[in-house]
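Notes for the structure review
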Protein chains: 2
Amino acid sequence: MKIAVMGTGLIGQAWAIVFARAGLPVKLWDGNNEALQNATAIIAKQLQELQTQGLVNHAADALSNIKIASTLEQALEGVDYVQENLPEDAAIKRTFYALIDTMAAPETILASSTSSIPASVFTESLAGRHRCLVAHPVNPPYLVPVVELCVSPWTSPNVLERTKSLMNLVNQKPITVNREVEGFVLNRLQGALLREAFRLVENGVVSVQDLDTTVKDGLGLRWSFMGPFETIDLNAPNGLKDYCERYGPMYQSIAAEQSHTEPWSDDLINEAEKQRRQQLPHNQLLNRRLWRDERLMALIKHKLEHEESNK
Amino acid sequence: MKIAVMGTGLIGQAWAIVFARAGLPVKLWDGNNEALQNATAIIAKQLQELQTQGLVNHAADALSNIKIASTLEQALEGVDYVQENLPEDAAIKRTFYALIDTMAAPETILASSTSSIPASVFTESLAGRHRCLVAHPVNPPYLVPVVELCVSPWTSPNVLERTKSLMNLVNQKPITVNREVEGFVLNRLQGALLREAFRLVENGVVSVQDLDTTVKDGLGLRWSFMGPFETIDLNAPNGLKDYCERYGPMYQSIAAEQSHTEPWSDDLINEAEKQRRQQLPHNQLLNRRLWRDERLMALIKHKLEHEESNK
């Protein structure tokens, strides 16, 4: 499989790392030549850091898989898969896909990293619309493996299957979103939990800090290696259905109080922001992001070691 | 601090381990003498396992802190804190608290492990109702540190503070639930996420397996060491408020589709159960629970090492 990564901002850079560390040849392209030149230096630095952390074996080998393409023609020549990372703007994507659909070989898959625009919005009128889909990563994909593959009504099953195989090949974890829904799956789940979290703060039930503790020292532990369905499946003697019989009524009773859909008020957002700044001053945000990235790398390494030993 | 653990089922056994491994003297009591005799053997075995996993330094020392009390009088004599783990039955708790409130020294804190009955339900008429509260653990508390401290309208602030200090002393992570709400905080958050998870499966958007992957290989990673508020606080350049300005409208738009409160239908539960059994046959549930416990222990050890190195 030969890959083209188009658009070399943060997401494009991260995708290049994902494919290159798995040994696949990657061509990098960007409409902005300066961005393109900068990208390779940043990728080299990130690969080095991943090697230091034990998450990449040979940074130099990985880097050598990445080549710059100075034209769109060069980028598309002979590639099997395009990962597009242009700005989140339907008009830009529409124009770009119209262009690459005429230029790319007929079997080349065209996948978009978009988090918010369904593929149908920018592929409907294309001759090759069956080979287009969304492959939405979580940032950065070289650390967080899940990739949401969201098909449009005309994406061919074969294109979906080939994209899944590619993602598995490069050690990502593809999931299939069968219909174009806003937020795909991950952000819909995040939204549902955030909504209850904000509501509990608004109602004075719990502080922002204590809510985070409830998740990081409680609820989030099993979810980080099992997910919510397996968690409940193992939390009742006879599995998921048994769990639903035992605890369904409680959740149903709670749900009746969770149904309001008013927007988060300015007062509520200001209160949550105030509590966060008491825990972490604004000038510490950057340092704390570095801490987060280190913790994430350590967690991923921990998970890889345990998944390896479970095979 | 001297502790009495009352009711020696799974939760009571686990609480005994929490207090004893922190070096506190623990008296075990149970209305059923056979259960009481069995409990010590199970506790000894669990402590040994925790030592093997590197989560307890000296299992034998910890075990030596635990003594059996053959009467309620003996159990309550000279203790500062009672952790009650009787069945989830309001009538049983009402009778029991009326009894121990008259027997325990005036300053002794009476805390219940209940996950579903607010303290006000079984303490209202007690002379010492100010010293009663809920201290709800996640099972097993010797691995999952969060403890939800839920006060009743008459719990004294001093009792709450002393209970918090005790929980911190024994390396648990106490959070305060300021009002008696159903499900406290943890199960309300779990319910909100499960609701969206079931809804996505019901609507054919995603499979049970792929939904779990979305969480365990995506959303759940950061939550396992940061929680949801810190996650969004670090996911926009200027923090939480900035994040809400950028993504609030998307979550608001999604929320409008998440507000229905119909119960999970039998068809839906059966479908989810079917998909789980395809992944994990019924006769593998027990083995998979052992796997889960090993993974949880490994994760906790990983987290402890990283929290230690961040001090």
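Cut-offs used in this document
- Residues numbered from 1 in each chain as written.
- Chains lettered and ligands numbered in written order.
- Predicted model: local features only at pLDDT ≥ 70, side-chain atom pairs only at ≥ 80, totals over all residues.
- Heavy atoms only, no water.
- UniProt positions renumbered as here; feature names shortened; annotations may be inferred.
- Helix = DSSP H or I, 4+ residues; strand = E, 2+ residues; numbered from the N terminus.
- Salt bridge = Lys/Arg side-chain N within 4 Å of Asp/Glu carboxyl O.
- Buried < 20%, exposed > 50% of the residue type's maximum accessible area, 1.4 Å probe, protein only.
- Axes fitted to C-alpha atoms, helices over the stretch in contact; angles between N-to-C directions.
- Parallel < 35°, antiparallel > 145°, perpendicular 65-115°, else oblique.
- Left-handed = near helix turned anticlockwise from the far one by under 90°.
- Contact = heavy atoms within 4.5 Å.
- Nonpolar A, V, L, I, M, F, W, Y, C, P; charged D, E, K, R; others polar.
- Least-squares fit on C-alpha atoms with pLDDT ≥ 70 in both.
- Buried area = accessible area lost by both parts, 1.4 Å probe.
- Pairing = 2+ DSSP bridges.
- Core = buried A, V, L, I, M, F, W, Y, C linked by side-chain atoms within 4.5 Å.
- Polar contact = N/O pair within 3.5 Å; in protein donor to acceptor, adjacent residues only side chain to side chain.

Right, let's get into the UniProt feature "domain: 3-hydroxyacyl-CoA dehydrogenase C-terminal" (unreviewed entry) in chain A. Here the UniProt-annotated "domain: 3-hydroxyacyl-CoA dehydrogenase C-terminal" (unreviewed entry) positions come out as residues 183–277 of chain A. The distance from the first to the last C-alpha atom of residues 183–277 of chain A is 28 Å, and the span holds 71% helix and 0% strand.

Here the structure, examined in full by the defined rule, presents 34 salt bridges over all chains. In this structure, Asp-217 of chain A engages Lys-303 of chain B in a salt bridge whose closest nitrogen and oxygen atoms are separated by 3.4 Å. One end of the pair, Asp-217 of chain A, is in helix α9 (residues 208–223); the other, Lys-303 of chain B, is in helix α13 (residues 285–309), on a second chain. No difference in accessibility class separates Asp-217 of chain A from Lys-303 of chain B, as the two residues are buried. A salt bridge links Glu-273 of chain A to Arg-277 of chain A, with the nearest nitrogen and oxygen atoms 3.1 Å apart. Of this pair, Glu-273 of chain A and Arg-277 of chain A both sit in helix α12 (residues 266–279), four residues apart, which is roughly one turn of that helix. Here Glu-273 of chain A and Arg-277 of chain A have matching classes, each one buried. Here the residues in one salt-bridge network are Glu-230 and Asp-233 of chain A together with Glu-273, Arg-276, Arg-277 and Arg-288 of chain B, joined through shared partners.

On to the packing of α9 of chain A against helix α8 (residues 186–202) of chain B, then. Between α9 of chain A and α8 of chain B, the least distance of the axes is 10 Å, while the angle of their chain directions is 55°. In terms of orientation, α9 of chain A lies oblique with respect to α8 of chain B. In this structure, α9 of chain A meets α8 of chain B at a crossing whose hand is right-handed. Here Leu-211, Thr-214, Val-215, Gly-218, Leu-219 and Trp-223 of chain A of α9 of chain A come into contact with α8 of chain B, specifically with Leu-186, Leu-189, Gln-190 and Leu-193 of chain B. Here the residues of the contact of α9 of chain A with α8 of chain B are counted per class, giving seven nonpolar, three polar and no charged.

Attention now goes to the relation of the copies chain A and chain B. With an RMSD of 0.0 Å, chain A superimposes on chain B once it is rotated by 180° and translated 0.0 Å along the axis. Read as a symmetry element, the transformation amounts to a two-fold axis. No C-alpha of chain A approaches the rotation axis more nearly than that of Ser-259 of chain A, which lies at 2.3 Å. A shared binding surface is used by both copies, with 100% of the interface residues of chain A retained as interface residues in chain B.

Annotation from UniProt places "domain: 3-hydroxyacyl-CoA dehydrogenase NAD binding" (unreviewed entry) at residues 2–178 of chain A. A distance of 26 Å separates the end C-alpha atoms of residues 2–178 of chain A, which is 42% helix and 20% strand.

Turning to the interface of chain A and chain B, a few remarks are in order. Of the residues lining the interface, 110 residues belong to chain A; the matching set on chain B comes to 110 residues. Between chain A and chain B, the buried area comes to about 10600 Å², and carbon and sulfur atoms account for 63% of it. In terms of surface lost to chain B, no three residues of chain A exceed Phe-225, Phe-229 and Arg-295 of chain A, which account for 8% of the buried area on that side. On the surface where chain A and chain B come into contact, there are 14 salt bridges.

In a beta sheet, neighbouring strands pair by backbone hydrogen bonds and run either parallel or antiparallel. Residue and element names in this part refer to chain A. Strand order in this open sheet of eight strands is β3-β2-β1-β4-β5-β6-β7-β8, and the pairing throughout is mixed. Either end of the sheet is taken by a strand with one partner, and the two such strands are β3 (66–68) and β8 (173–177). Taking the axes of each pair of neighbouring strands and ignoring which way they run, one obtains an average angle of 25° across the sheet. Pairing of strand β6 (residues 132–137) with strand β7 (residues 146–150) involves four bridges; the strand directions are antiparallel. Of the residues in β7, the one forming a bridge with Val-134 is Cys-150. The strands that helix α1 (residues 10–21) touches are β1 (3–6), β2 (26–29), β3, β4 (81–84), β6 and β7; relative to β1, the one it contacts most, it runs at about 165°.

Counting residues in hydrophobic clusters, the biggest one holds 212 residues, and the most contacted among them are Phe-19 of chain A together with Phe-19 of chain B. When residues no more than four places from it in sequence are discounted, the contact partners of Phe-19 of chain A are Ile-3, Val-5, Leu-24, Val-26, Tyr-81, Gln-83, Leu-166, Met-167 and Val-170 of chain A.

All names here are of chain A. Asn-139 connects to Pro-140 through a cis peptide bond whose omega is -10°. As for its position among the elements, Pro-140 is in the loop between β6 and β7. One non-glycine residue with positive phi stands out, namely Asn-171, at about 65°. Residue classification places Asn-171 among the exposed residues on the basis of a relative accessible area of 56%.

Another point: the side chain of Asn-85 of chain A. All names here are of chain A. Along the chain, Asn-85 turns up in the loop between β4 and α5 (90–103). Residue classification places Asn-85 among the buried residues on the basis of a relative accessible area of 13%. Separated by 3.1 Å, the side chain of Asn-85 and the backbone oxygen of Gln-83 make a polar contact. A polar contact is formed between the side chain of Asn-85 and the side chain of Ser-113, at a distance of 2.5 Å. With residues near it in sequence (within four places) discarded, Asn-85 still touches Val-5, Met-6, Gly-7, Ile-11, Gly-12, Trp-15 and Ser-113.

Residues and elements named next belong to chain B. Taken in spatial order, the eight strands of this open sheet run β3-β2-β1-β4-β5-β6-β7-β8, and their pairing is mixed. The open sheet has two edge strands, β3 (66–68) and β8 (173–177), and neither has a second partner. Neighbouring strand axes in the sheet, compared pairwise and without regard to direction, differ in orientation by 25° on average. Bridge count for strand β4 (residues 81–84) against strand β5 (residues 109–112) is four bridges, and the pairing is parallel. Bridging across to β5, Glu-84 finds its partner in Ser-112. Of the strands in this sheet, β1 (3–6), β2 (26–29), β3, β4, β6 (132–137) and β7 (146–150) touch helix α1 (residues 10–21), which is tilted by about 165° from β1. This element, helix α5 (residues 90–103), spans β1, β2, β4, β5 and β6 of the sheet and lies at about 165° to β5.

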